[in-house]
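Understanding the architecture of this molecule
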Amino acid sequence: MLNPASSPLRRFIDARLSPEGAMGLHLTIGVAVLLVAAWIFGAIAEDVVTGATITLVDVRLAHWFHDRATPGFTRAMLFVTHWNGIAGSSVMGALLALWFWRRRAYYWLIVCLVAVPGGMLLNAALKHAFRRARPSFDDPLLSLVTYSFPSGHTAAATVFYGLLASYLVRRAHAWPARVLAVAGAVAMVMLVALSRMVLGVHYLSDVLAAAAEGAAWLAICITAVSTLHRRRLARGHGSWSEQAHAAEDLR
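Below you will find a few notes about this structure. Quick caveat: nothing in here was measured; it's all calculated off a predicted structure.

**Some details on the nonpolar core**
Soluble, globular proteins show a tendency: their nonpolar side chains are buried together. Ranked by internal contacts, the top residues of the largest apolar core, which has 37 residues, are F100, W108, V111, C112, Y161 and L163. Secondary-structure elements contributing two or more residues to this core are α4 (71-83), α5 (86-102), α6 (106-130), α7 (152-171), α8 (175-198) and α9 (204-234). The leading source of residues in this core is α6, at 8 residues. Apart from the residues within four sequence positions on either side, L163 is in contact with L96, F100, W108, V111, C112, T158 and L218. Core analysis: the next-biggest nonpolar cluster, separate from the first, contains 8 residues, I44, V48, F149 and A212 among them.

Written as structure tokens, this is what we have:
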């Protein structure tokens, strides 16, 4: 009788859950995040295209925010939204890339150079694919002529702050610091999403889909580069990072 522990299926599962190896736990988690995020995006996109209940919630929530807008809160939301716009996200991405380069964390540098601009291009392509009109008001707080679905600001924030949180989680050794990094990233994404809804340029479904889009894209980028790193080390090649701690960042 065959030992169940030695079956091909058991060996496959053990390999996928192992923290070591080029195709281990990091790949399993990355694929899981990608699939869940992609499913969420697809579900929201389908509801938007078919005019499901969420589109009614979108309109009601948009008018609720618009009717309760105040000058002070609007100025604060304008600051947040401009800070995390194309120019702001590009500057922050460049500064983060410079930080990785100075730290000789070259694999994280690759992720940054691919994820940030690549996420912006992906979002632009999705906007033109869906061509959803933005919320409309008689007296808009902010007027834009581009498409609405999914939110570019929210997607960019998800990629940037998610990348920063991922790096900090890998560098931190204490769980409280890791939780704080993740919570900070989530809070920033939520704040950016809120600013877009308060200013009346995006619906709720726009920002939810954008967060799922950003998470899926970031999962692809981090998982791919991490797998490349592990395969390189497994073949006996030296790390591109000269500092020991940087060489271990994606392991």
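**Some words on a nonpolar patch on the surface**
Taken together, the side chains of V91, L95, L98 and W101 make up a nonpolar region of the molecular surface, amounting to roughly 430 Å² of accessible area. Residue placement: W101 occurs in helix α5.

**Quick notes on the packing of α6 against α7**
Interaxial distance between α6 and α7 falls to 9 Å at its minimum, and their mutual angle equals 160 degrees. Taken together, the axes of α6 and α7 lie roughly antiparallel to each other. With respect to the hand of their crossing, α6 and α7 are arranged in right-handed fashion. Of α7, the residues touching α6 (which contributes W108, V111, C112, A115, V116, N123 and K127) are G152, A155, V159, L163, S166, Y167 and R170. When grouped by side-chain class, the residues that make up the contact of α6 with α7 number 9 nonpolar, 3 polar and 2 charged.

Cut-offs used in this document
- Throughout, a residue's number is its position along its own chain's written sequence, starting from 1.
- A pLDDT threshold of at least 70 governs which residues receive local features in this predicted model, and a stricter bar of 80 or more applies before side-chain atom pairs are shown or counted, although totals over entire chains, interfaces and linings include all residues.
- Each side-chain value is derived from all of the structure's non-hydrogen atoms; neither hydrogens nor water enter the calculation.
- Only buried Ala, Val, Leu, Ile, Met, Phe, Trp, Tyr and Cys residues count toward a nonpolar core, and they belong to the same one when joined by side-chain atoms within 4.5 Å.
- Relative accessibility decides the category of a residue: with a 1.4 Å probe and only protein chains considered, values under 20% of the type maximum give buried, values over 50% give exposed, and everything between is partly exposed.
- Helix and strand assignments follow DSSP, with helices taken as H or I runs no shorter than four residues and strands as E runs no shorter than two, numbered in order from the N terminus.
- By definition, residues are in contact when any of their heavy atoms lie within 4.5 Å.
- A residue counts toward a patch only above 30% relative accessible area and without a salt bridge, and it is joined to like-charged neighbours within 9 Å or, for Val, Leu, Ile, Met, Phe, Trp and Tyr, to nonpolar neighbours within 5 Å.
- Per-residue accessibility takes into account occlusion by the displayed protein chains alone, with areas from the Shrake-Rupley method and a 1.4 Å probe.
- What makes a salt bridge here is a side-chain nitrogen of Lys or Arg within 4 Å of a carboxyl oxygen of Asp or Glu, nothing more.
- The angle between two axes is taken between their N-to-C directions and runs from 0 to 180 degrees, where each axis is a line fitted to C-alpha atoms and a helix contributes only its stretch in contact.
- An angle below 35 degrees is treated as roughly parallel, one above 145 as roughly antiparallel, one from 65 to 115 as roughly perpendicular, and anything else as oblique.
- Each crossing gets its hand from how the near helix is turned against the far one by less than a right angle, where anticlockwise is left-handed and clockwise is right-handed.
- Each residue is assigned to one class: nonpolar for Ala, Val, Leu, Ile, Met, Phe, Trp, Tyr, Cys and Pro, charged for Asp, Glu, Lys and Arg, and polar for all the others, Gly among them.

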